[in-house]
Amino acid sequence: MAGGRREPMRVGAGLGALLCALHVQAACRDTTVTQELLKEGFHRDLLVKVELGEDAGGCAVAARMHLPPGIYVDPYELATLQQHNLTKAVLIPDVIDVEAPEYLARALLLLLFLEPDARCSRCFRAAVPVHARYHRPAEGTEEAVVVLESPEVLLCCCHSHLSAECWEPAEVDAPCSPDDTGRCQWHSTKHRSAYEELMLRVPVGLREHSSLVCALTLLTTGLCSGLILAAACKYGHFSQ
């Protein structure tokens, strides 16, 4: 008899928890994130667009992106853009080797501050130049794939209160604005819609052509060096 009473209580508790979860999910509408690569070739613009599930209420909105070794943001170019107020971002680390190939580079963390979109009260967007690195020659394919994971949407509110049901504190070592030296609390959304990855296809050489490329490079280098040496001997003036 006691076991029969416990069973309805368990069912009731489970149903209550389910209804509570559905209520929270309904109250916290999903935040949608889209990424788009503009232009062609090795030098692109990465456009990030975010639509919040609720009004930002004067909070700063940013996208935290993890860039794989196959792609990078030029810190010198970023500094120039920020001087002209064309973009706002924090790059970690802020000193990188822009000449390093993909297999010698490190992953980067980019905090991109988003600007409000005039066409939508809950929409934000920003773009930042990105550059593909050179990859090792591949075998059987003429391109390498660089996968960009969907950014994490962050809100930083110094004077507003966010719902604890929808937002949770996030560890971000950056101010709410690149111009602000204070440290306000960043938050990330608990309820996220399905994020999609963005793929960048980078042209690479074929490994089976390595011997031919090396031979042509040596031949060209030797020919050019011989021509320079011959011109120097014929027209150069050497002191005795």
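The coordinates are above.
Now for a quick tour of the structure. (Residues numbered from 1 in each chain as written. Predicted model: local features only at pLDDT ≥ 70, side-chain atom pairs only at ≥ 80, totals over all residues. Heavy atoms only, no water.)

### Notes on unusual backbone geometry
- Here the residue pair Ile92 and Pro93 is connected by a cis peptide bond, since its omega of -5° sits within 30 degrees of zero.
- Residue placement: Pro93 occurs in the loop between strand S5 (89–92) and strand S6 (108–113).
- Residues other than glycine seldom take positive phi values, yet Lys39 does so here, at roughly 70°.
- The topology assignment puts Lys39 in the loop between strand S1 (32–38) and strand S2 (43–51).
- You can call Lys39 exposed: its relative accessible area is 54%.
- Despite not being glycine, Asn85 has its phi angle at roughly 60°, a positive value. (Helix = DSSP H or I, 4+ residues; strand = E, 2+ residues; numbered from the N terminus. Buried < 20%, exposed > 50% of the residue type's maximum accessible area, 1.4 Å probe, protein only.)

### Describing the packing of aromatic side chains
- Scanning the entire structure with this criterion turns up two aromatic pairs.
- Centre to centre, the rings of Phe42 and Tyr134 are 5.3 Å apart; their planes meet at 35°, and the pair counts as tilted. Here Tyr134 lies in the loop between strand S8 (123–132) and strand S9 (143–148) and Phe42 lies in the loop between S1 and S2, a separation of 92 residues in the sequence.
- Phe42 gets classed as partly exposed once you look at its relative accessible area, which sits at 23%. (Phe/Tyr/Trp six-rings, centres within 6.5 Å; stacked < 30°, edge-to-face > 60°.)

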